[in-house]
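Reading the structure
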Amino acid sequence: LHRRGPWVRDLFGPSSLPLSGILLRGLFYFLLVMPLFLGGALLSSYAVYGGFRPHFDAALLGSRHLPLMAALYSLVIWWPLWSTTEELTYQKFFLPRLRQSLGPAAAVVIVGFWWAAQHSALPFLPDVRYLLWRFLSFVPGVLALMAIFMRTRQIRPLIVAHALMDLVACASTLEW
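These lines cover the structure that appears in this document, whether it is placed above or below. (Residues numbered from 1 in each chain as written. Predicted model: local features only at pLDDT ≥ 70, side-chain atom pairs only at ≥ 80, totals over all residues. Heavy atoms only, no water.)

By the largest-angle criterion, Trp78 marks the main kink of helix α3 (residues 68-102), which is about 50 degrees, and a proline, Pro80, follows within four residues. For α3, the set of buried residues is Ala71, Ser74, Trp79, Ser83, Glu86, Glu87, Leu88, Tyr90, Gln91, Lys92, Leu95 and Leu98. One or two residues past the end of α3 sits Gly103, with phi positive at roughly 100 degrees. (Bend = angle between axes of the 7 residues up to and from the residue. Helix = DSSP H or I, 4+ residues; strand = E, 2+ residues; numbered from the N terminus. Buried < 20%, exposed > 50% of the residue type's maximum accessible area, 1.4 Å probe, protein only.)

Next comes the structure, spelled out in structure tokens:
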């Protein structure tokens, strides 16, 4: 059997960190990067809408509440699966390949663009200003995640940090 390309398990790569180090570093990256996502949301709100509070509360995750089964799916399955998938896809698969073929600046622009663009449609509203706001909101955090990965080459702590961010997003859809 001829093998083409990396296996999924190869994308994780070796880790010199013990589990406790992965978790602690992931928590540190979460605390470092999460304010950039929040700040990006505020700055893009000002740039797109002219104020720090956009006028589309119905689209924000915090103002939506999921049905019980959707909330359970989000809290049990979605966040760990999706954060792992995004980090492996963008950071471990595309970023190194584009960096090697096009150079680091082009790789960061291309990967950062598509990674932020993906989040523009979550949740989707067919409104150009809203989509631009969502895109710009994610750019600072995405760039920070890529900078950390390019410096450390450690994907596991970034998966933990991303999972914590997604968990916060899931928890914001619950009625407490």
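Still to come is the rest of the account.
Okay, the packing of aromatic side chains next. One pass over the structure, following the stated rule, counts 7 aromatic pairs. Ring pairs connect the aromatic residues Phe113, Trp114 and Phe135, which therefore count as one cluster. Residue placement shows Arg97 over the ring face of Phe93; its charged tip is 4.0 Å from the ring centre. Positioned over the ring face of Phe149 is Arg153, at 5.8 Å from the centre of the ring. (Phe/Tyr/Trp six-rings, centres within 6.5 Å; stacked < 30°, edge-to-face > 60°. Lys NZ or Arg CZ within 6 Å of the ring centre and 35° of its normal.)

Right, let's get into the packing of α3 against helix α5 (residues 128-152). As a packed pair, α3 and α5 sit with axes 11 Å apart at the nearest point and diverge in direction by 65 degrees. Judged by the inter-axis angle, α3 sits roughly perpendicular to α5. Handedness of the crossing formed by α3 with α5: right-handed. Here Glu87, Gln91, Lys92, Leu95 and Arg99 of α3 lie close against α5, whose contacting residues are Leu145, Met146, Phe149 and Met150. Here the residues of the contact of α3 with α5 sort into 5 nonpolar, 1 polar and 3 charged. (Axes fitted to C-alpha atoms, helices over the stretch in contact; angles between N-to-C directions. Parallel < 35°, antiparallel > 145°, perpendicular 65-115°, else oblique. Left-handed = near helix turned anticlockwise from the far one by under 90°. Contact = heavy atoms within 4.5 Å. Nonpolar A, V, L, I, M, F, W, Y, C, P; charged D, E, K, R; others polar.)

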